[in-house]
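Spelled out from the first residue to the last, the chains are:
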Amino acid sequence: MISKTILQEAFQTIYHQQPEHIYFSPGRINLIGEHIDYHGGFVFPAAIQLGTYGVVSKREDRMYYFYSKQFPSKVPVQVDLQEMTFDASFGWVNYMKGVLDVCLKKGIYFPFGLNIYVDSDLPEASGLSSSASIEMLMAWILKQIYQLPYTRTELALIAQEAERNYLGVQSGIMDQLSIALGKKDHALFMNTSTLEVTYHPLDIKPYRCVIMNTNYQRTLHDSKYNERVKETFEASKRLQEQHPHARLVHLNSEDINAYEPILKDDVLLKRVRHIITEQNRALLFKKALDQHDLFKLASFLNDSHASLKHDYEVTGKQLDVLVEASRKYAIGARMTGAGFGGCAIAFVEDKREHQMIEHVSNVYQQTFGFLPSFYTVELSDGVHDVL
Ligand code: GLA
């Protein structure tokens, strides 16, 4: 957590005035249901205590100024509402600019501009959704300051539109919606087809959920993500040519081989197998959580990782080593988020957490020459006002 005083002082140093508001937008983990939200599947994310803070004051003109502690610039980056075209040189600011752009295209009029200072304790590009966190922060800032009449779910859809149409990543709705609707101590079982959410306490005592960060700089992350989206939409198209109403997430895993002649491609068959089995695991995971069956929960985590590794092929060496090593002490572990590097989660008994961290760190360092990081998970409320 970053203290209000630190945020206020930093804002004052950059903008030479007192801030009026502070907002917080969490990151998220996903317990299970990976890479199926863009096909309307069941997913089980939760907002976490690590996230992005936005410190804000109004301006008299209609300009927007942005400054980030993590990406410092000599002076704040200036955004003029007349020049909203995507420009890669704006870097991190594009996530906020994208949300502003979606709102402008909806016809919203902003009578005055803002000074915005951003600070974060969420590791970026690590699979904990730092991009959705910053998009939702901007959506929330705009809602609160200009009194926009949108619900949290509508804000999530605006942020997702920014991610897809402005940033060019064809993401599902899981990240933005979990950050919009998060609830302290609860995970969100989400139907990404209807956007319905039910809340479930993550009660896994005497175990706890630990995040393990590969600290591996993801490359080609966005293009590989889009590649999986493209492949699986192609699979869906081939299927619907023969069964117009079929959806990948509704297929029966026992019939997987029957789809071979329809898909006509081994790679597509593997991708579809992941989608079908992951949808099933998400449902069974929810049941096991409600029944407090911890060993079943753990086995679904392990199966999910195997499916993401062999069938969806999004894990990569770093995540595989981390997950594998953690299982010496953890009862279950899997990558979380989009993959291709980033973070994994492990369920480990309280008293074995330290041993696990030590062991995983040793194995990982010996293999890759650098250390992973670890964070104990606390589940948090969704995006909200701090001051
Ligand atoms: C990213 C996307 C989500 C989801 C996950 C994988 O985080 O933004 O919509 O597809 O990957 O489950």
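Residues numbered from 1 in each chain as written. Predicted model: local features only at pLDDT ≥ 70, side-chain atom pairs only at ≥ 80, totals over all residues. Heavy atoms only, no water.

Details of the sheet that holds strand β7 (residues 186-191)
Item 1. An order of β2-β7-β8 is seen for the 3 strands of this open sheet, with the pairing classed as antiparallel. Either end of the sheet is taken by a strand with one partner, and the two such strands are β2 (42-43) and β8 (196-201).
Item 2. Here β7 pairs with β8 via 6 bridges, running antiparallel. From the neighbouring strand, N191 faces β8, where its bridge partner is E196. (Pairing = 2+ DSSP bridges. Helix = DSSP H or I, 4+ residues; strand = E, 2+ residues; numbered from the N terminus.)

Observations concerning the state of the cysteines
Item 1. This structure, assessed with the given rule, holds 0 disulfides.
Item 2. As a non-bridged cysteine, C209 has C343 as the owner of its nearest cysteine sulfur, 11 Å distant.
Item 3. Taking the relative accessible area as the measure of exposure, C209 reaches 5% and is therefore buried. (Disulfide = S-S within 2.5 Å. Buried < 20%, exposed > 50% of the residue type's maximum accessible area, 1.4 Å probe, protein only.)

Comments concerning the site of the ligand
Item 1. Residues in close proximity to the ligand include R28, E34, H35, D37, Y38, S171, G172, M174, D175, Y225, G337 and A338, which together make up its full environment.
Item 2. R28 has a polar side-chain atom sitting 3.0 Å from an oxygen atom of the ligand.
Item 3. One nitrogen or oxygen atom from the side chain of D175 is found 2.7 Å from an oxygen atom belonging to the ligand.
Item 4. Burial of the ligand by the protein amounts to 93% of the accessible area it has alone, namely 300 Å².
Item 5. Its residues assigned to classes, the shell around the ligand shows 4 nonpolar, 4 polar and 4 charged.
Item 6. Counting contributing residues, the shell around the ligand receives three or more from each of domain 1 (4-201 + 380-385) and domain 2 (207-376). (Near = heavy atom within 4 Å. Polar contact = N/O pair within 3.5 Å; in protein donor to acceptor, adjacent residues only side chain to side chain. Areas by Shrake-Rupley, 256 points an atom, 1.4 Å probe, with all protein chains shown as cover. Nonpolar A, V, L, I, M, F, W, Y, C, P; charged D, E, K, R; others polar. Domains from an automatic or database assignment.)

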